[in-house]
Amino acid sequence: MDAQTEIVFWFVVAVCLVGPAAAWFRLRHLPPGWCAAWGAILVVAVAGRLLGSATTIQAALGLWILLVAVPTALQNLGGRLAMQRRYPAARAALRLAALLHPADGFREAPAAITALELAFRGDLDAADEEFERLRRSGSGLAATATVMLCLLRQRWDDLLAWAAAHPAAVARDPNAFIGALLALGETGDVAGLVDRYD
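Residues numbered from 1 in each chain as written. Predicted model: local features only at pLDDT ≥ 70, side-chain atom pairs only at ≥ 80, totals over all residues. Heavy atoms only, no water.

**Some words on the packing of aromatic side chains**
To be explicit about the condition: Planes of paired rings set the category: under 30 degrees apart is stacked, over 60 is edge-to-face and the rest tilted, where pairs are Phe, Tyr or Trp rings (Trp by its six-membered ring) whose centres lie within 6.5 Å. In this scheme, a residue with accessible area under 20% of its type's maximum is buried, one over 50% is exposed, and one in between is partly exposed, where area comes from a 1.4 Å probe on protein chains only.
By the definition in use, this model includes 5 aromatic pairs. Consider the rings of Phe9 and Trp10, whose centres lie 4.9 Å apart with planes at 75°: the pair is edge-to-face. Accessibility expressed as a relative area gives 6% for Phe9, which makes it buried. Look at Tyr87 and Phe120: their rings are 6.2 Å apart centre to centre, the planes differ by 50°, and that puts the pair in the tilted class.

Set out below in structure tokens:
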């Protein structure tokens, strides 16, 4: 096996092991869709190594680019576009990401962007309906949708009650964590806010 193939193999192994470790460190849980992608790519790479097949190892790199790198880049792009209120472009980026990674809430992400757009336009009832649908979906965006429902209507006590009942969701979802902090601040519980942040 040549040096280039050796480098590609170890790169693929490293990113497939670092990916789950980074997800655990950041989210305190392992998203099943990402784990399936990393695991499948790792199996292809190791099979290529055992068979001495440079083509199989190159295929593992291609799978990593297609199933991990591109969806991640599109997700980040969609988030940035949404923050700039460029909702149609954000939806397009997230739809493409969902085609490559249909798990872990990616399929529902365009609907979340639609709900944000409706809220920004002032159609809170339609935004509520969209977030409620996402909340009931049980997808990876259910916690975020719950938080957004409460934030739209400034239902701080409801948000705090939900956060108290779902500490694991708050711990792993940055949106839920920030929403809980905001609710504590809005209700005047500064000590609770500092304690939660700490």
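**Topic: the state of the cysteines**
Defined as follows: Pairs of cysteine sulfur atoms within 2.5 Å are identified as disulfides in what follows.
In the structure shown here, the tally under the stated rule is 0 disulfides. For the unlinked cysteine Cys35, the closest cysteine sulfur is that of Cys16, found at 11 Å. The class of Cys35 is partly exposed, set by a relative accessible area of 26%.

**Considering the pattern of salt bridges**
Note the threshold: Throughout this description, the term salt bridge denotes a Lys or Arg side-chain nitrogen within 4 Å of a carboxyl oxygen of Asp or Glu. By definition, any uninterrupted DSSP run of H or I lasting at least four residues is a helix, any uninterrupted run of E lasting at least two residues is a strand, and each is numbered from the N terminus.
Throughout the structure, instances matching the rule amount to 9 salt bridges. Between Glu6 and Arg49 there is a salt bridge, with its nearest N and O atoms 2.9 Å apart. Placement of the pair is Glu6 in helix 1 (residues 3-27) and Arg49 in helix 2 (residues 32-51), with a sequence separation of 43 residues. Among the residues examined, Glu6 registers a relative accessible area of 25% and is labelled partly exposed. A salt bridge links Arg153 to Asp128, with the nearest nitrogen and oxygen atoms 2.8 Å apart. Linking Arg153 in the loop between helix 7 (142-152) and helix 8 (156-165) with Asp128 in helix 6 (residues 124-137), this pair joins segments that are 25 residues apart in sequence. Its relative accessible area of 33% is what places Arg153 among the partly exposed residues. Classification of Asp128 by relative accessible area gives buried; the value is 16%. The network of salt bridges with common partners includes Arg91, Glu117 and Arg121.

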